[in-house]
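Listed below are the residues making up each chain.
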Amino acid sequence: MTESLPVRIFPDRTAASRTLAEEVAALVRSINDSGRPAVLGLATGRTPLPFYAELIRLHREGKLSFARVVTFNLDEYLGLPGNHPESYRAFMQKELFGHVDIPVENIHIPDGMVGPAELEAHCAAYEEAIRAAGGIDFQLLGIGRTGHIGFNEPGSPRESRTRRVELDPITRQDAAPAFGGLEHVPEYAISMGCGTILEARRIALLAWGSAKAGIVREALTGPVTDQVSASFLQDHADATFYLDSEAGAEL
Ligand code: F6R
């Protein structure tokens, strides 16, 4: 089958993560050398774990500093405080930020506790902070079984921006084990929009395991449609899929 954007298939997730971490470290160094902070868009979930482990390793080996890195996370569950173990703020602290030299003021994650009255202003301020930082140099993505990037579930418009989103039942089901039951999974989140994501200058989507093979094939070889928000990446000038052999098995 022909894919409409570059796909790199690795024997396993560790090899893929190592390659991408080295590329991102080189990008951060070259942007820092040019005299400005590097702006990274980050993802949560199971997929980025080996990638963050590799970034931490490079940091420990003295090959990557986060001192001049600014980050924007894709999303956060609505209704979860930052100290809730399943909040994405807690996840990022545990899996990356707590192990590297990033200044706390450089970290941006939507606030899951923002009230309904402030929600729109909070989302607009998030967009403005991305713009003020100069836009996202590199955006990391996973893919949900619904084809979502960020939490842009089926029906999310190509031009969508940071906003409140309703989680798809499949997405909530996938999160249920971590929350100890479906009834504990939030129904809403704040997510960067498809339009926000597509403005990143470079994008890498990671996917591991056979459960992702079907949706990866759809995103890469199916029509560009808001029913599979990852398919919008087909029209991006510098987006690449990094897959293990299982996730790439249906290509
Ligand atoms: C996470 C995010 C989601 C996940 C996707 C895959 O910040 O925005 O799009 O990347 O749901 O989740 P995992 O990696 O747990 O399979």
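Residues numbered from 1 in each chain as written. Predicted model: local features only at pLDDT ≥ 70, side-chain atom pairs only at ≥ 80, totals over all residues. Heavy atoms only, no water.

## Description of helix α3 (residues 88-95)
Defined as follows: Buried residues are those whose accessible area, probed at 1.4 Å on protein chains only, stays under 20% of the maximum for their type, while exposed residues exceed 50% and partly exposed ones sit between those limits. Only DSSP runs of H or I with at least four residues qualify as helices, and only runs of E with at least two residues qualify as strands; both kinds are numbered from the N terminus onward. Residue contacts follow a heavy-atom distance rule, with two residues in contact if any of their heavy atoms lie within 4.5 Å.
Among the residues making up α3, those that are buried are Tyr88, Ala90, Phe91 and Met92. For α3, the secondary structure elements touched by its buried residues are β2 (38-42), α2 (49-60), β3 (69-73) and β4 (75-77).

## Some remarks on the site of the ligand
The cut-off we apply is this: The rule for a residue being near a molecule or strand is that one of its heavy atoms must lie within 4 Å of it. In the analysis that follows, any N or O atom pair within 3.5 Å is treated as a polar contact, provided that within protein one partner can donate a hydrogen and the other can accept it, and provided that, for residues neighboring in sequence, both atoms belong to side chains. Values of accessible area rely on a 1.4 Å probe in the Shrake-Rupley scheme; residue burial ignores everything except the protein chains shown. Three classes are used, and their members are as follows: Ala, Val, Leu, Ile, Met, Phe, Trp, Tyr, Cys and Pro are nonpolar, Asp, Glu, Lys and Arg are charged, and the others, Gly among them, are polar.
Around the ligand, a shell composed of 13 residues is seen, among which Thr47, Asp75, His148, Gly150 and Lys212 lie nearest. Contact between the ligand and Thr44: an oxygen atom at 2.8 Å from a side-chain N or O atom of the residue. Take Thr47: an N or O atom from its side chain is 2.4 Å from an oxygen atom of the ligand. When the free accessible area of the ligand is taken as 410 Å², the share hidden by the protein chains comes to 91%. Here the shell around the ligand is built from residues that sort into three nonpolar, seven polar and three charged.

## Overview of the sheet that holds strand β8 (residues 188-191)
Strands in a sheet are paired, the pairing made by backbone hydrogen bonds, and the direction either parallel or antiparallel. Applicable threshold: Here the rule is simple: two strands pair whenever DSSP picks up at least two bridges between them. Convention adopted: a line fitted to C-alpha atoms gives each axis, helices being fitted over their contacting stretch, and angles between N-to-C directions are expressed from 0 to 180 degrees.
If you trace the three strands from one edge of the open sheet to the other, you get β4-β8-β7, paired in antiparallel fashion. Looking at the sheet topology across the chains shown, the edges are occupied by β4 and β7 (163-166). Ignoring which end each strand starts from, the neighbouring axes of this sheet average 30° apart. Judged from the four bridges that link them, β7 and β8 form a sheet pairing that is antiparallel. The partner of Arg163 across the bridge, within β8, is Ser191.

## Structural notes on the packing of helix α1 (residues 13-33) against α2
For clarity, the cut-off: Orientation is classified from the angle alone, with under 35 degrees giving roughly parallel, over 145 giving roughly antiparallel, 65 to 115 giving roughly perpendicular, and any other angle giving oblique. The hand of a helix crossing depends on one turn: near helix anticlockwise from the far one by less than a right angle means left-handed, and clockwise means right-handed.
The geometry of α1 relative to α2 is characterised by a closest axis approach of 8 Å and an angle of 50° between their N-to-C directions. Put simply, α1 runs oblique to α2. Crossing handedness for the pair α1 and α2: right-handed. Contact residues: α1 offers Arg13, Thr14, Ser17, Arg18, Leu20, Ala21, Glu22, Val24 and Ala25, while α2 offers Pro50, Phe51, Glu54, Leu55, Arg57 and Leu58. Here the residues of the contact of α1 with α2 sort into eight nonpolar, two polar and five charged.

## With respect to the sheet that holds β2
Taken together, the seven strands give an open sheet; going across it, the order is β1-β10-β9-β6-β2-β3-β5, and neighbouring strands pair in parallel fashion. Whereas interior strands pair on both sides, the edge strands pair on one side only; in this sheet they are β1 (7-10) and β5 (107-108). Two elements, β2 and β3, share five bridges in a ladder whose sense is parallel. In the sheet register, Gly41 faces β3, and the bridge partner there is Phe72. Helix α7 (residues 213-221) rests against β1, β9 (202-207) and β10 (239-244) of the sheet, and its axis sits at about 155° to β10.

## Here's the deal with the pattern of salt bridges
Proximity of charged atoms lets side chains of opposite charge pair with each other. Here is the rule we go by: Any carboxyl oxygen of Asp or Glu that lies within 4 Å of a side-chain nitrogen of Lys or Arg is treated as forming a salt bridge with it.
In total, this model carries 15 salt bridges according to the counting rule given. A salt bridge links Arg57 to Glu22, with the shortest nitrogen-to-oxygen separation between them at 3.9 Å. Highlighted residues: Arg57 in helix α2 and Glu22 in helix α1, separated in sequence by 35 residues. The salt bridge involving Lys94 is made with Glu95; its shortest N-O contact spans 3.3 Å.

## Quick notes on the nonpolar core
Short version of the rule: Joining through side-chain atoms within 4.5 Å is the link that ties buried Ala, Val, Leu, Ile, Met, Phe, Trp, Tyr and Cys residues into a set, and such a set is a nonpolar core.
Leu20, Phe51, Tyr52, Leu96, Leu205, Leu233 and Phe241 are the most contacted members of the largest nonpolar core, which has 65 residues in total. Considering every element that reaches this core, the biggest residue donor is α1, with seven residues. Once residues lying within four places of it in the same chain are set aside, the contact partners of Leu96 are Leu42, Tyr52, Leu55, Ile56, Phe66 and Phe91. Ranked by size, the runner-up nonpolar core spans 11 residues in total, among them Ala175, Ala176, Phe179 and Ala189.

## Thoughts on the environment of Pro11
Relative to the helices and strands, Pro11 resides in the loop between β1 and α1. Put simply, Pro11 and Leu243 are 232 residues apart on the chain and 8.6 Å apart in space, counted from C-alpha to C-alpha.

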